[in-house]
Structure formats: C-alpha cells, structure tokens
Amino acid sequence: MMEKTAVLEQFDVYGIRKDFPILTRTVNGKPLVYLDNGATTQKPLQVIDAIRHYYTELNSNVHRGVHHLSQLATDAFEVTRHQLKGFINAAHDHEIIITKGTTDSINLVASSFGSAFVKTGDEIIISAMEHHSNIVPWQLLCEDRGAVLRVVPINAAGELDMDAYRALLTDRTKLVAITYVSNSLGTVNPVREIIEAAHANGTPVLLDAAQAIQHIAIDVQALDVDFLAFSGHKMYGPTGVGVLYGKEKWLDAMPPYQGGGEMIKEVTFEKTTYNELPFKFEAGTPNIEAGISLAAAIGYIQDIGMDRIAAYEHGLLEYATARLLEIPGIRLIGTAANKSSVLSFLVDGAHPYDVGVILDKLGVAVRTGHHCTQPLMDWYGIPGTVRASIAMYNTREDIDTLAAGVQKAASMLV
Ligand code: PLP
C-alpha cells in the first residue's frame with residue numbers, strides 16, 4: 001500500500017494538469033471533474049498549439065505539391081507516421097495507415113481483408129465485450145460473404161473464457177478481432193495468449209486498441225499482432241485521425257479499400273494501377289491538421305513515459321474502486337483481475353441516466369448508457385451503467401468528488 005501511494009504522489013499530476021487548459025473551467029458553477037476519458041480525452045496545449053501552427057504556418061495539401069508549403073506539410077505529416085511507427089514499434093513506416101479513427105481502421109480491414117480472404121462458410125471470431133465498431137463491420141462482411149460470426153463468451157467478472165476461445169478456432173476461422181481493453185468493463189484481455197493460439201491455428205489477429213493505446217505500452221512486433229486499430233482523440237490527440245497498423249505481408253496482399261486521389265499510381269479509363277503502401281490505403285485528402293498534431297500528442301505521452309502513466313492510473317483505479325465500494329448499494333460491472341482505467345457501476349434502485357444527470361449538476365462528467373456495447377449489456381441483463389474513465393490528469397480529489405456525488409445521487413434517488 002505504501003508503494004502504491006508513493007506512485008500516486010511521485011507522479012506530477014498537478015504539473016500535467018497545467019498543460020490542459022479545459023481542466024480549469026467550471027461546469028454548472030463547479031470545477032470540472034472530467035471522467036469521460038474513454039469517450040475522448042482532453043488535449044494538452046502542445047496539441048492545440050500544433051493545430052494552430054499548422055493553420056498559421058503550413059496549411060497546404062500533402063503528398064502532391066512541389067511548392068514549399070506543400071513540402072513542409074507533407075514532411076510534418078510523415079513525421080507523425082514515423083513517430084507512430086516508433087510508438088508501437090512497427091517494423092516499417094509504411095505499415096502505419098493513417099485513417100479517420102478506430103472505426104475507420106476496422107472497416108478498412110473488414111472490407112479489404114474480407115474481400116480478399118473471406119468466403120462462404122468461413123468464420124470470424126470476436127468477443128462478447130466488443131464495441132459496436134468491432135461487431136457491425138464483421139456482421140456486414142458476414143452478410144456479404146455468407147460467413148459466420150463466432151463470439152467468445154465471458155464470465156461474470158467480465159473476463160474472456162479462454163477455453164471457449166480455443167475451442168472456436170478451427171480451419172474455418174479467417175480472422176480473430178478482439179478488443180485489447182474493454183471500454184465498458186475495463187478488462188485487459190490476455191492478448192499474447194489470444195494471438196499465440198490464433199497463430200497456432202494459422203489465423204491472423206486484429207486488436208482493437210482504442211482503449212489500450214493511451215494506457216498500456218504496445219509493441220506490435222513483440223506481440224506479433226497482425227492488425228492494430230486506434231484513435232488519436234482517445235490519446236490526447238485531435239479527432240478525425242487514427243491508425244491502422246498492419247503487417248506488411250497482409251497489407252501488400254489486400255486490395256485498396258477506397259478509390260480516389262493519392263492511392264493510385266496511374267489511371268486510364270481502361271485500367272488503374274495502385275500506389276505503394278501506405279498510400280494504397282489513403283485515398284483522398286487526409287485530415288492534415290489532425291495528422292500533423294497527433295505527433296504532439298505522442299510526444300507528450302513519450303515525454304512523461306507510458307510505464308509511469310500506467311502505474312499512476314493503476315493506483316488511481318484501485319483508489320477509485322475502493323472509494324466507490326464504500327457506498328452502500330453500489331454494484332461494479334467489470335471486476336476482472338486485470339483492469340485498466342474504467343469503472344462501470346450501478347447504484348441499486350437508480351437508473352444510470354439519473355445518476356449521470358446528478359453528477360453533471362456537480363460538475364462531474366461521466367458517461368451513462370450502453371457505451372456502444374449493447375450485446376454486453378444484454379448479457380448482464382442491465383440497461384447500461386455509469387462509467388467513470390480515468391486519464392493521466394485525474395487526481396484523487398477528482399475521485400473523492402465522484403464518490404461524494406454518487407453518494408448524493410444514491411440518497412436522492414433510492
Ligand atoms: N473500440 C472501442 C473499444 C472503443 O472504446 C471505441 C470508442 O469508444 C471505438 C472502438 C470507436 O472509436 P472511434 O469512435 O474513435 O472510431
């Protein structure tokens with residue numbers, strides 16, 4: 001316990017908070033307590049300044065102009081790609097496809113990998129805790145191809161049933177697509193084991209890292225993962241940009257996802273040849289300011305250090321769990337042994353929405369509802385939860401305000 005308290009105290013959270021201007025504002029006359037980081041994180045000045053710098057100094061289209069500004073913008077955009085490669089330890093820059101976000105990245109794989117490799121009767125494995133973004137694209141693919149979606153079940157704590165997973169892997173399995181961290185439960189899935197078992201079956205794996213990339217150091221080569229999808233806006237970066245990492249051998253074998261400018265080598269009315277990686281998958285003008293300023297978000301995380309962030313957030317999650325469990329009538333949804341940054345809960349006798357409204361009046365931002373995981377909520381037999389999700393700038397005081405607010409909501413509603 002001493003050690004954990006020391007981690008919380010050594011981390012300069014108050015210094016970090018100074019970089020996030022929005023955290024000083026009030027909501028409903030109360031200081032903002034922002035605990036909806038799973039939905040999107042706030043942005044540090046470094047990112048905000050990078051966006052401003054782009055529009056005041058660089059604004060120009062990328063990868064096509066010979067003029068000075070276009071060169072500068074292109075270089076800055078490619079710096080982000082290179083930084084992303086280092087951040088997740090990809091083997092090559094061209095394995096980093098810049099997309100609109102996690103949803104876009106997963107749709108890209110479902111469409112492109114699906115059209116090349118999935119036939120009638122084939123199977124795709126997902127899990128019971130997936131976000132709709134990692135369910136619906138596979139359902140669309142299965143409908144289109146006559147393929148079958150298989151779902152790995154979970155236990156009451158919100159952990160994957162790994163025996164059931166292994167039993168689902170057969171010669172019909174064409175892809176495993178599973179979340180690294182559950183956005184509704186906080187469960188950190190055993191991704192190494194998942195990947196090893198799939199590879200032993202000759203099956204590639206896509207990890208939805210939307211809720212992992214900002215909390216856990218990820219090394220795609222060490223994991224040997226085939227595809228990794230994540231969003232800039234959940235890792236202190238801008239909205240409208242994200243990443244699909246793919247192993248070169250898969251990306252090379254996959255057809256283009258969308259047609260348009262940038263992704264072509266040569267176009268005639270008879271035949272078009274496609275650009276090389278990564279541009280084959282980047283049709284049209286990208287979100288340039290977001291792509292460029294994402295580098296500032298990555299730099300921000302790297303300067304603090306992912307391992308230090310993870311240790312701090314873990315201590316805060318334990319503190320928050322203990323504080324909430326002091327409140328009579330609280331039921332935690334998601335009690336896996338290995339969790340990250342998410343606290344989903346119900347107050348006995350109160351609807352999650354009503355708890356959320358009372359918390360909002362107190363300046364506390366949480367998310368309520370099904371969190372885009374309706375099948376998971378159905379499995380628990382609940383309409384939704386209240387979800388507090390932690391980021392590196394949250395403090396014990398934030399958690400104390402949350403706990404006091406939940407206590408107040410319970411006394412008003414129950
Ligand atoms: N996957 C998970 C686990 C998520 O939590 C989210 C967003 O909350 C997504 C996918 C979709 O991310 P985006 O909306 O940024 O594409």
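Residues numbered from 1 in each chain as written. Predicted model: local features only at pLDDT ≥ 70, side-chain atom pairs only at ≥ 80, totals over all residues. Heavy atoms only, no water.

Here we look at the packing of aromatic side chains
Inspection of the entire model under this criterion finds 11 aromatic pairs. With a centroid separation of 5.9 Å and 75° between ring planes, the pair formed by tyrosine 236 and tyrosine 393 is classed as edge-to-face. Of the two residues, tyrosine 236 sits in the loop between β9 (227-231) and β10 (242-246) while tyrosine 393 sits in the loop between β17 (385-389) and α15 (396-413), which places them 157 residues apart along the sequence. Grouping aromatic residues by their ring pairs yields a cluster made of Phe20, Tyr236, Tyr300 and Tyr393. (Phe/Tyr/Trp six-rings, centres within 6.5 Å; stacked < 30°, edge-to-face > 60°. Helix = DSSP H or I, 4+ residues; strand = E, 2+ residues; numbered from the N terminus.)

Brief notes about the sheet that holds β10
Taking strand neighbours across the sheet as the criterion, the 7 strands line up as β4-β10-β9-β8-β7-β5-β6 in an open arrangement whose pairing is mixed. Edge positions in the sheet fall to β4 (96-99) and β6 (148-152), since each of these pairs with one other strand and no more. Put simply, the sheet's adjacent strands are angled 20° from each other on average, direction ignored. Looking at chain direction, strand β8 (residues 205-208) and β9 are connected through 3 bridges and run parallel. Looking at β9, one finds that aspartate 208 is bridged to alanine 229. Each of β4, β7 (173-179), β8, β9 and β10 touches helix α5 (residues 102-117); the most contacted strand, β9, lies at about 155° to it. (Pairing = 2+ DSSP bridges. Axes fitted to C-alpha atoms, helices over the stretch in contact; angles between N-to-C directions. Contact = heavy atoms within 4.5 Å.)

So, the domain arrangement of the protein
The extent of an interface is frequently quoted as the accessible surface area lost upon association of the parts. Each assigned domain of the protein is listed with its residue range as follows: domain 1 (2-43 + 306-413) and domain 2 (48-303). On a C-alpha basis, the centres of domain 1 and domain 2 stand 28 Å from each other. Taken together, the contact pairs 41 residues of domain 1 with 35 residues of domain 2. Carbon and sulfur atoms supply 56% of the area that domain 1 and domain 2 bury against each other, a total of about 3000 Å² over both sides. Sorting the residues of domain 1 by area buried against domain 2 places Lys43, Met306 and Leu376 first, and these three jointly supply 21% of that buried surface. Along the contact surface separating domain 1 from domain 2 lie 0 salt bridges. The interface formed by domain 1 and domain 2 holds 26 residue pairs in polar contact (both at pLDDT 80 or more) in total. Elements that contribute at least two residues to the side of domain 1 that touches domain 2 include exactly α12 (306-325), β14 (342-347) and α14 (374-380). (Domains from an automatic or database assignment. Buried area = accessible area lost by both parts, 1.4 Å probe. Salt bridge = Lys/Arg side-chain N within 4 Å of Asp/Glu carboxyl O. Polar contact = N/O pair within 3.5 Å; in protein donor to acceptor, adjacent residues only side chain to side chain.)

A few points about the site of the ligand
Taken together, 13 residues sit near the ligand, with Thr103, Asp208, Gln211, Ser231 and Lys234 positioned nearest. Side-chain polar atom of histidine 233 to an oxygen atom of the ligand: 2.8 Å apart, as the coordinates give it. Measuring from an oxygen atom of the ligand, one finds a side-chain N or O atom of lysine 234 at 2.6 Å. If the ligand stood free it would expose 390 Å²; the protein chains cover 86% of that surface. (Near = heavy atom within 4 Å. Areas by Shrake-Rupley, 256 points an atom, 1.4 Å probe, with all protein chains shown as cover.)

Topic: the pairing of β9
Among the 5 residues in β9, 5 count as buried, and that is most of the element. Across 5 bridges, the pairing between β9 and β10 is antiparallel. For phenylalanine 227, the partnering residue across the bridge sits in β10 and is glycine 246. (Buried < 20%, exposed > 50% of the residue type's maximum accessible area, 1.4 Å probe, protein only.)

Some points on unusual backbone geometry
Residues leucine 277 and proline 278 are joined by a peptide bond in cis, for which omega reads 0°. With respect to the secondary-structure elements, proline 278 resides in the loop between β12 (272-274) and α11 (288-304). Positive phi, close to 55°, is recorded for asparagine 28, a residue that is not glycine. With respect to the helices and strands, the residue asparagine 28 is situated in the loop between β1 (26-27) and β2 (30-31). Positive phi outside glycine occurs at tyrosine 236, with the angle close to 70°.

A closer look at the nonpolar core
With 107 residues, the main nonpolar core has Ile88, Tyr165 and Tyr180 as its most contacted residues. Among the elements that make up this core, the one with the highest residue count is α11 (9 residues). Non-local contacts of tyrosine 165, meaning those with residues more than four positions away in its chain, are made with Ile125, Val152, Val176, Ile194, Ala197 and Ala198. With 25 residues, the next largest nonpolar core counts Leu108, Ile124, Phe227 and Leu244 among its residues. (Core = buried A, V, L, I, M, F, W, Y, C linked by side-chain atoms within 4.5 Å.)

Quick notes on the pattern of salt bridges
Scanning all chains against the criterion turns up 15 salt bridges. A salt bridge links lysine 247 to aspartate 224; the nearest nitrogen and oxygen atoms lie 2.9 Å apart. Of this pair, lysine 247 sits in the loop between β10 and α10 (248-253) while aspartate 224 sits in the loop between α9 (220-223) and β9; the two residues are 23 residues apart in sequence, bridging distant segments of the chain. Look at lysine 247 and you get buried, because its relative accessible area is 15%. One salt-bridge network, in which partners are shared between bridges, spans Glu78, Arg81 and Glu282.

Focus: helix α13 (residues 352-361)
Inspection of α13 places Pro352, Val355, Gly356, Ile358 and Leu359 among the buried residues, and these make up the whole buried set. Across the axial projection of α13, the buried residues extend over an arc of 165°, all falling on one side. Those residues of α13 that are exposed and angled more than 90 degrees off the buried face are Tyr353 and Lys361. In this fold, the buried residues of α13 make contact with β14, β15 (364-365), β16 (367-369), β17 and α15. In the stretch just after α13, glycine 363 is the one whose phi turns positive, near 85°. (Arc of directions from axis to C-beta.)

Looking at the packing of α5 against helix α6 (residues 136-145)
In contact at an axis separation of 9 Å, α5 and α6 are set at 20° when each is read in the N-to-C sense. Between α5 and α6, the angle is such that the two are roughly parallel. Helix-helix and strand crossings are classified by hand; for α5 and α6 the assignment is right-handed. Between α5, through Ile106, Asn107, Val109, Ala110, Gly114 and Ser115, and α6, the contact on the second element is made entirely by Pro137, Trp138, Leu141 and Arg145. Among the residues forming the contact of α5 with α6, the class breakdown is 6 nonpolar, 3 polar and 1 charged. (Parallel < 35°, antiparallel > 145°, perpendicular 65-115°, else oblique. Left-handed = near helix turned anticlockwise from the far one by under 90°. Nonpolar A, V, L, I, M, F, W, Y, C, P; charged D, E, K, R; others polar.)

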